[in-house]
Each structure stands twice: as structure tokens, then as C-alpha cells.
Amino acid sequence: MIKFVEVELDGFGDMADITEDVKEFVRQSGVEEGAVLVFNIGSTGAVTTIEYEPGLKKDLPRIMEKIAPYGEDYEHHKTWGDDNGSGHVKASIIGPSLLVPFKDRELLLGRWQQIVVINFDTRRRTRRVVLQILRA
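For every chain, the first residue of the written sequence is number 1, and numbering continues from 1 onward in sequence order. Only residues with pLDDT of 70 or above have their local features reported here, since the model is predicted, and side-chain atom pairs are shown and tallied only from 80 upward, although totals for entire chains, interfaces and linings are computed over all residues. Side-chain measures here rest on the full set of heavy atoms in the structure, leaving out hydrogens and waters.

## Structural notes on the sheet that holds strand E6 (residues 106-107)
In step 1: By this definition, two strands are paired if DSSP reports at least two bridges between them. In this text, helices come from DSSP runs of H or I with a minimum length of four residues, and strands from runs of E with a minimum of two, each type numbered from the N-terminal end. Here we have 5 strands laid out as an open sheet, ordered E1-E8-E3-E5-E6, and antiparallel in their pairing. The open sheet terminates on both sides in strands that have one partner only, identified here as strand E1 (2-9) and E6.
In step 2: Sheet topology note: the E1/strand E8 (residues 125-135) ladder contains 8 bridges and is antiparallel. Across the sheet, the residue bridging to Val5 is Val129, located in E8.

Take a look at the structure:
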């Protein structure tokens, strides 16, 4: 069973909470126990969990900018003539996917743990995320 979730995000670390989309997908799946794969399509987007609150929504992009600064000279820019090498590096560090277990059709997440998709590109993008049920 597969579903696609699309979110429109600004660049440079803008993120969206898709937890409710994933919860609803699991509930509607009819599967009692298993895991749900959450996978971002595209190499400048990432998926992770975070406490989705205003401070961390600012902190994560700020720290990722220190790790892979936008203004660096990335070889990627020479290959494609673009400016998003830092976005590729940041997305690679966090990763494109997440596997979340569930039981009784409920995600096994911590109280303050939300599932987010992040756009590290240098421009606004529609991020397409695949949800897929994996049975136990």
C-alpha cells in the first residue's frame, strides 16, 4: 500500500510536519502492526523526526548551515552550473527516509516526536514524499 504526500516548502531548511498524514495513512491501511516507510523523492530534501516547535525549526537549519555552508565552493556547482551543492550535502547527512513502527494502527513515536520533511534546496520546491506500509 502506497500513498504520496506533497508539501510546498521554501528553501534553505524550510520544513513541514507530516505526522498527521502518516498517522492517517496507517489508520486507513487496515494493517494492525508493522512499519511505515517515509521516503522523500529528490536529492535536496530530507525526512527525519524532530520536536516541531519554533526554536528547533530555526535551530536545525542554522546548525546544518554551519556544517555545509551555502557560500562554499562545491564541485557540484561546476558539474551542473547551479548553486545548491550545500543542499545536497545537508540532505545526504540527514537522509531521505525514515522507518516508523506501529502497533494497533498507532505510530510508536515519542510524545514530542514529529515526522518532518525538509527542503534544503536554494529555492521553493514541492516535496513529494512516499508512504509505504511494511507488514510485520
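## A short note on the environment of Asp21
In step 1: Relative to the assigned elements, Asp21 resides in helix H1 (residues 19-29).
In step 2: Judged by its relative accessible area of 30%, Asp21 is partly exposed.
In step 3: Remark: the alpha-carbon pair of Asp21 and Ile115, spanning 94 residues in sequence, is separated by 9.5 Å.
In step 4: The contact partners of Asp21, leaving out residues within four places of it in the chain, are Lys3, Val5 and Leu131. Only protein chains enter the accessibility calculation, which uses a 1.4 Å probe; a residue is then buried when its area is under 20% of its type maximum, exposed when over 50%, and partly exposed in between. Residue contacts are counted whenever heavy atoms from the two residues lie within 4.5 Å of one another.

## Some points on the side chain of Gln114
In step 1: You can see Gln114 is positioned in strand E7 (residues 114-119).
In step 2: What makes Gln114 buried here is its relative accessible area of 15%.
In step 3: Ignoring anything within four residues of it in the chain, the contact list for Gln114 reads Asp17, Thr19, Thr48, Thr49, Ile50, Glu51 and Tyr52.

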